[in-house]
Amino acid sequence: MSARFRIRTSSGQEISFASIEVFTEFVRSGELAPEDVVYDAETKEWSSALTHPIVLEMQIEAEDTT
């Protein structure tokens, strides 16, 4: 299975995730830094961790539950 998501950290490290579930767990763990960039194979686009649609959706959901 190929990676759906790739994260490139500010130090240049790349981390890959095959599924949205694993990516979501990584984001919720707090390990995704604001300066990281995220590639989504479905959209074929890189975006800032601060503006990635899935990350934003998780932030909104977290705010709604508090």
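Keep in mind the model is a prediction, meaning the values are calculated, not measured. (Residues numbered from 1 in each chain as written. Predicted model: local features only at pLDDT ≥ 70, side-chain atom pairs only at ≥ 80, totals over all residues. Heavy atoms only, no water.)

Peer 1: What am I meant to see in helix α1 (residues 20-28) here?
Peer 2: An α-helical turn contains 3.6 residues, so any two residues separated by three or four positions project in the same direction. Turning to α1, its buried residues number three or more, namely F23, T24, F26 and V27. Within α1, the buried residues cover an arc of 160 degrees as seen down the axis, which keeps them to one side. Summarising the geometry of α1, the exposed residues directed more than 90 degrees from the buried face are E21, E25 and R28. Just downstream of α1, G30 is the residue with a positive phi angle, here 90 degrees. (Buried < 20%, exposed > 50% of the residue type's maximum accessible area, 1.4 Å probe, protein only. Helix = DSSP H or I, 4+ residues; strand = E, 2+ residues; numbered from the N terminus. Arc of directions from axis to C-beta.)

Peer 1: Can you help me understand the pattern of salt bridges in this one?
Peer 2: Close approach of charged atoms allows side chains with opposite charge to pair. What the rule picks out here adds up to four salt bridges. The salt bridge involving D40 is made with R4; its shortest N-O contact spans 2.9 Å. Placement of D40 in strand β3 (residues 37-40) and of R4 in the segment before β1 (5-8) is noted, with a sequence separation of 36 residues between them. Of the charged contacts, one joins E14 and R8 as a salt bridge, the two residues approaching to 2.7 Å between their closest N and O atoms. Given the relative accessible area of 37%, E14 is considered partly exposed. Salt bridges sharing common partners tie together R4, D40 and E42. (Salt bridge = Lys/Arg side-chain N within 4 Å of Asp/Glu carboxyl O.)

Peer 1: So what exactly am I meant to see when it comes to the sheet that holds β1 here?
Peer 2: Sheet strands pair by backbone hydrogen bonding; their relative direction is either parallel or antiparallel. As summarised here, the arrangement of the four strands in space is β2-β1-β3-β4, forming an open sheet in which the pairing is antiparallel. Unpaired on one side and paired on the other, β2 (14-17) and β4 (45-48) mark the two borders of the sheet. Strand-to-strand twist in this sheet, taken as the mean axis angle between neighbours without regard to direction, amounts to 20 degrees. Where β1 lies against β2, four bridges are found, and the strand directions are antiparallel. Residue pairing in the sheet places R6 in a bridge with S16 of β2. (Pairing = 2+ DSSP bridges. Axes fitted to C-alpha atoms, helices over the stretch in contact; angles between N-to-C directions.)

Peer 1: Looking at this structure, how should I read the side chain of T9?
Peer 2: Positionally, T9 belongs in the loop between β1 and β2. Note on T9: relative accessible area 15%, which makes it buried. What T9 contacts, discounting residues up to four positions off in sequence, is I15 and D36. (Contact = heavy atoms within 4.5 Å.)

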